[in-house]
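Per-entry structural report
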Amino acid sequence: IVIVVSESSALSYSEWIGSSGVSDLTVAGDPDGDFIPNLVEYALGSLPGHFDNLSPIVSDHDSDSIWITHTKSNDVKDVTMVVQWSSSLEEGSWQTDGVTHQIMADGVSSQTIRSSITIDPAHPAKFMRLHASLPELK
C-alpha cells in the first residue's frame with residue numbers, strides 16, 4: 001500500500017516569482033527565453049529561469065482540427081487560463097467560442113488538458129494560444 005501525503009504549496013504569483021531568483025519579475029517577462037511568459041509558467045507549474053527542452057505546451061493538428069495540450073498546476077488559484085483562437089493573430093481578434101476541452105489526466109498536483117477547435121475548410125487559417133491573467137484589483 002502506498003500512501004501519498006502532500007502539503008499544498010500554493011503560493012501567490014508575487015510569492016512564486018519573488019522566490020524564483022530571476023531578474024525579470026513581470027508577468028510578461030521571459031527570463032529563460034522559452035517564449036512562455038512568467039505568468040503562464042506559474043500557472044503551468046514550470047520554472048521561469050529554466051529553459052525546458054520539452055515545452056509544457058504542445059500543439060498539433062490533423063485535417064479536421066488543431067489543438068494544444070498543457071498541464072495546469074492544481075496549486076495555482078489566482079490565475080485564470082483561457083485557450084483562445086484567432087484567424088489573424090491581431091490583438092482583439094482572439095476568441096474562445098468553439099474551443100472544446102478534454103481532461104487527459106487528472107492528478108493530485110496537476111491536470112493535463114487538451115483544448116481543440118475544428119478547422120473550417122473554407123477558412124483554414126487558425127492559430128491558438130494559452131492566455132493567462134491575474135484577477136483585476138478592485
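Here the structure is a predicted model, which means the values were calculated and not measured. Residue positions are given per chain, counted from 1 along the sequence in the order it is written. Where local features are concerned, this predicted model is filtered to residues with pLDDT of at least 70; where side-chain atom pairs are given and counted, the filter is 80 or more; whole-chain, interface and lining totals use all residues. The side-chain values count all of the structure's non-hydrogen atoms but skip hydrogen atoms and water molecules.

What follows deals with the overall build of the protein chain. Secondary structure follows DSSP: runs of H or I at least 4 residues long count as helices, runs of E at least 2 residues long count as strands, and numbering of each begins at the N terminus. Along its length, the protein chain carries 2 helices and 6 strands. The rule is simple: take the accessible area with a 1.4 Å probe, protein chains only, and divide by the maximum for that residue type; under 20% is buried, over 50% is exposed, in between is partly exposed. Taken across its 138 residues, the protein chain has 32% of its residues classed as buried. Two residues form a contact once any of their heavy atoms are found within 4.5 Å. For the protein chain, contacts bridging at least 24 residues in sequence account for 56% of all contacts bridging at least 6.

With that settled, consider the side chain of Lys126. Its location among the elements puts Lys126 in the loop between β5 (110–118) and β6 (127–133). For the purpose of charge, His is not counted, nor are the chain termini; Lys and Arg are scored as positive and Asp and Glu as negative. Any carboxyl oxygen of Asp or Glu that lies within 4 Å of a side-chain nitrogen of Lys or Arg is treated as forming a salt bridge with it. As a buried residue without a salt bridge, Lys126 has its nearest oppositely charged side chain in Asp120, at a separation of 5.5 Å. Beyond its immediate chain neighbours, meaning those up to four positions away, Lys126 contacts Ile66, Trp85, Ser86, Ser87, Ile117, Thr118 and Asp120.

By convention, a stacked pair of Phe, Tyr or Trp rings (six-membered ring in the case of Trp) has centres within 6.5 Å and planes under 30 degrees apart, an edge-to-face pair has planes over 60 apart, and any other such pair is tilted. Enumeration over the complete set of coordinates arrives at 3 aromatic pairs. Arranged with centres 5.2 Å apart and planes meeting at 45 degrees, the rings of Trp16 and Tyr42 form a pair that is tilted. Highlighted residues: Trp16 in helix α1 (residues 13–18) and Tyr42 in helix α2 (residues 38–44), separated in sequence by 26 residues. Taking the relative accessible area as the measure of exposure, Tyr42 reaches 4% and is therefore buried. Three or more aromatic residues joined by ring pairs form one cluster here, namely Tyr13, Trp16 and Tyr42. Two limits define a charge over a ring: the Lys NZ or Arg CZ must be within 6 Å of the ring centre, and within 35 degrees of the ring normal. Here the basic side chain of Arg114 rests over the ring of Trp67, its NZ or CZ set 3.9 Å away from the ring centre.

A few words now on the nonpolar core. What is meant by a nonpolar core is a set of buried Ala, Val, Leu, Ile, Met, Phe, Trp, Tyr and Cys residues, joined one to another through side-chain atoms within 4.5 Å. Among the nonpolar cores identified, the biggest contains 23 residues, and Tyr42, Val79, Met81, Met128 and Leu130 are the most heavily contacted of them. Every residue in contact with Val79, bar those within four places of it in the chain, is listed here: Leu39, Tyr42, Ala43, Ala132, Ser133 and Leu134.

Bringing the side chain of Gln84 into the picture now. Residue placement: Gln84 occurs in strand β3 (residues 80–86). Whenever a nitrogen or oxygen atom comes within 3.5 Å of another N or O atom, the pair is scored as a polar contact, on the condition that within protein one atom can donate a hydrogen and the other can accept it, and that pairs from neighbouring residues in sequence are kept only if both atoms are in side chains. At a separation of 2.7 Å, a polar atom in the side chain of Gln84 contacts the side chain of Arg129. With sequence-adjacent residues up to four places away left out, Gln84 is seen in contact with Trp94, Gln95, Thr96, Phe127, Met128, Arg129 and His131.

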